[in-house]
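What the coordinates show
Chain by chain, the residues:
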There are 2 protein chains.
Amino acid sequence: MSRIVKPFEEERGITRRYLLSGAGKFAAGMAVASAAGAGIVRVAGAKEQRFPWPYVKLDPAEVAEVAYENWYRHFCAYASISGIIQPLKQKVGEPYTSLPLAAFEWGHGGGVGWGMTCGTLMGSGMAAAFVAGKDGEKIINDVIAWYASTELPTFRPKNPKASFKNINASNSPLCHVSVGKWMKKEGVKFFSPERRDRCARLSAQVSAKTAELLNLWADGKYTTVHGSQASTYDITAQNNCAECHGG
Amino acid sequence: MSRIVKPFEEERGITRRYLLSGAGKFAAGMAVASAAGAGIVRVAGAKEQRFPWPYVKLDPAEVAEVAYENWYRHFCAYASISGIIQPLKQKVGEPYTSLPLAAFEWGHGGGVGWGMTCGTLMGSGMAAAFVAGKDGEKIINDVIAWYASTELPTFRPKNPKASFKNINASNSPLCHVSVGKWMKKEGVKFFSPERRDRCARLSAQVSAKTAELLNLWADGKYTTVHGSQASTYDITAQNNCAECHGG
């Protein structure tokens, strides 16, 4: 970590230039909406410009239960986006109603089982983006940092489908690393009821954590905690360099 | 690689049970739509059930150019989904028109710069899902396997914004590994015009490759090539185990 710079430096630079170009009208709409919190920019004949989408504060406990149950339908990415978007379909309606949540299922297992971005973060990142636009990027950045440094999952579902003994801090937002360390600690295989339930509870907790930050944001009380990984390392990176690059 | 089993074994098992439950009506609609190729299931009062979305075959060369130019607006994930969805907004209209592509920007740098799933795969995976539903999962699985084993990018844009000398096979779909190996080979830093253009061309080529497979799928000529990573390794994983776990 050779230097700390302002978060999202690269993005801001390009977005500013883009906003000044003719093609930047959509982005300009986003910036206005973002500045207004949960405000909506409406432009006749351009439905896409209604972004980000309207938000009403959610009960994180409800979010967690929805996500937990939905893991057993379509796994982690679907579970974690649906924890937030499914209640918003009921409380807000359109444009959430038209979003097919099944489109996010492929993020399971870190992307069709390739062990990349934990699907709970992929799903919650998408939810944060639809709700908060560019601010959603700051929120999911904080959620990822929290995920990698926190003993998870501590969420207890109302109707648990399995039980297990261990929680762990992954030191990584990668599915393979996170679930692999937990499987070793718990002493179970990937295709086991315990592992499934660990991932279902993790989906619930990540979705609820994201809803908590979105609630703060809706109240104008959210402040970014975590900085830019790329600016810190001069490359896109996690914080666990030695795990792959030697001690 | 101790054993090879049928792809997506776990998913099929759960989906089948889910289809038999009362909550599985949406998934049942998906299965019908999937079986009919680009067919649409319409159910009164349930807009979400119109999934996957209608597709018309795209020109991969056009897809690549759209994605390349869009990288310089909102980076890799936005670029690669927009290469496919932006032309479909024009050729098909709704429901594509209402999808705010800016919501996918946060996938840049492997997820807000954390170096996880290459944003080109996140964006193309989302596009494949909206277009092809569960078949999109098989398609992006093949695209990920191709990405990790192919010397990229070989795409040459009509109006290049920078030039560079090297291409590389990453042996990994992770942003950090892929771009890191390329930076070392090219001898440039992350915040350089060469690296930016490498990622812009990669976005273009991944988006175009995905469109090629979607075109085959629309013609009923697509067959899955790559199997299930999780079933092969008994954990979600890439194929480059020794890179982190020793030689």
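1. Points about unusual backbone geometry
For the bond running from glutamate 94 of chain A to proline 95 of chain A, omega is 0°, close enough to zero to count as cis. Relative to the helices and strands, proline 95 of chain A is located in the loop between α3 (60-91) and α4 (119-132). In this chain, leucine 152 of chain B is followed by proline 153 of chain B through a cis amide linkage whose omega measures -5°. Even without glycine at this site, asparagine 171 of chain A takes up a positive phi of about 55°. On the secondary structure map, asparagine 171 of chain A appears in the loop between α5 (134-149) and α6 (175-186).

2. Re the packing of α3 of chain A against α4 of chain A
Packed helix pairs are specified by the crossing angle of their axes together with the interaxial distance, meaning the distance between the axes. All names here are of chain A. Where α3 meets α4, the axes come as close as 5 Å, and the angle between the chain directions of the two elements is 30°. Between α3 and α4, the interaxial angle falls into the category roughly parallel. Pair α3 / α4 crosses with right-handed handedness. Where α3 approaches α4, its residues Cys76, Ala77, Ser80, Ile81, Ile84, Ile85 and Leu88 are matched on the opposing element by Gly119, Thr120, Met122, Gly123, Ser124, Met126, Ala127, Phe130 and Val131. Per-class residue counts for the contact of α3 with α4 are eleven nonpolar, five polar and no charged.

3. A look at the relation of the copies chain A and chain B
Turning chain A through 180° and shifting it by 0.0 Å along the axis lays it on chain B, with an RMSD of 0.0 Å. Within this description, the copies of the chain are treated as partners about a two-fold rotation axis. For chain A, the smallest separation between a C-alpha atom and the rotation axis is recorded for cysteine 244 of chain A, amounting to 2.2 Å. With an isologous cut-off of 70% or more, the 99% of interface residues of chain A that recur at the interface of chain B puts this contact in the isologous class.

4. Comments concerning the interface of chain A and chain B
In this complex, chain A contributes 76 residues to the contact, which on the side of chain B involves 76 residues. When chain A packs against chain B, the two sides together hide about 6,700 Å² of surface, and 68% of this comes from carbon and sulfur. Linking chain A with chain B are two salt bridges. In this structure, glutamate 105 of chain B engages lysine 134 of chain A in a salt bridge whose closest nitrogen and oxygen atoms are separated by 3.0 Å. Taken together, the links from chain A to chain B amount to eleven residue pairs in polar contact (both at pLDDT 80 or more).

What counts, and where the lines are drawn
- Residues numbered from 1 in each chain as written.
- Chains lettered and ligands numbered in written order.
- Predicted model: local features only at pLDDT ≥ 70, side-chain atom pairs only at ≥ 80, totals over all residues.
- Heavy atoms only, no water.
- Helix = DSSP H or I, 4+ residues; strand = E, 2+ residues; numbered from the N terminus.
- Axes fitted to C-alpha atoms, helices over the stretch in contact; angles between N-to-C directions.
- Parallel < 35°, antiparallel > 145°, perpendicular 65-115°, else oblique.
- Left-handed = near helix turned anticlockwise from the far one by under 90°.
- Contact = heavy atoms within 4.5 Å.
- Nonpolar A, V, L, I, M, F, W, Y, C, P; charged D, E, K, R; others polar.
- Least-squares fit on C-alpha atoms with pLDDT ≥ 70 in both.
- Buried area = accessible area lost by both parts, 1.4 Å probe.
- Salt bridge = Lys/Arg side-chain N within 4 Å of Asp/Glu carboxyl O.
- Polar contact = N/O pair within 3.5 Å; in protein donor to acceptor, adjacent residues only side chain to side chain.

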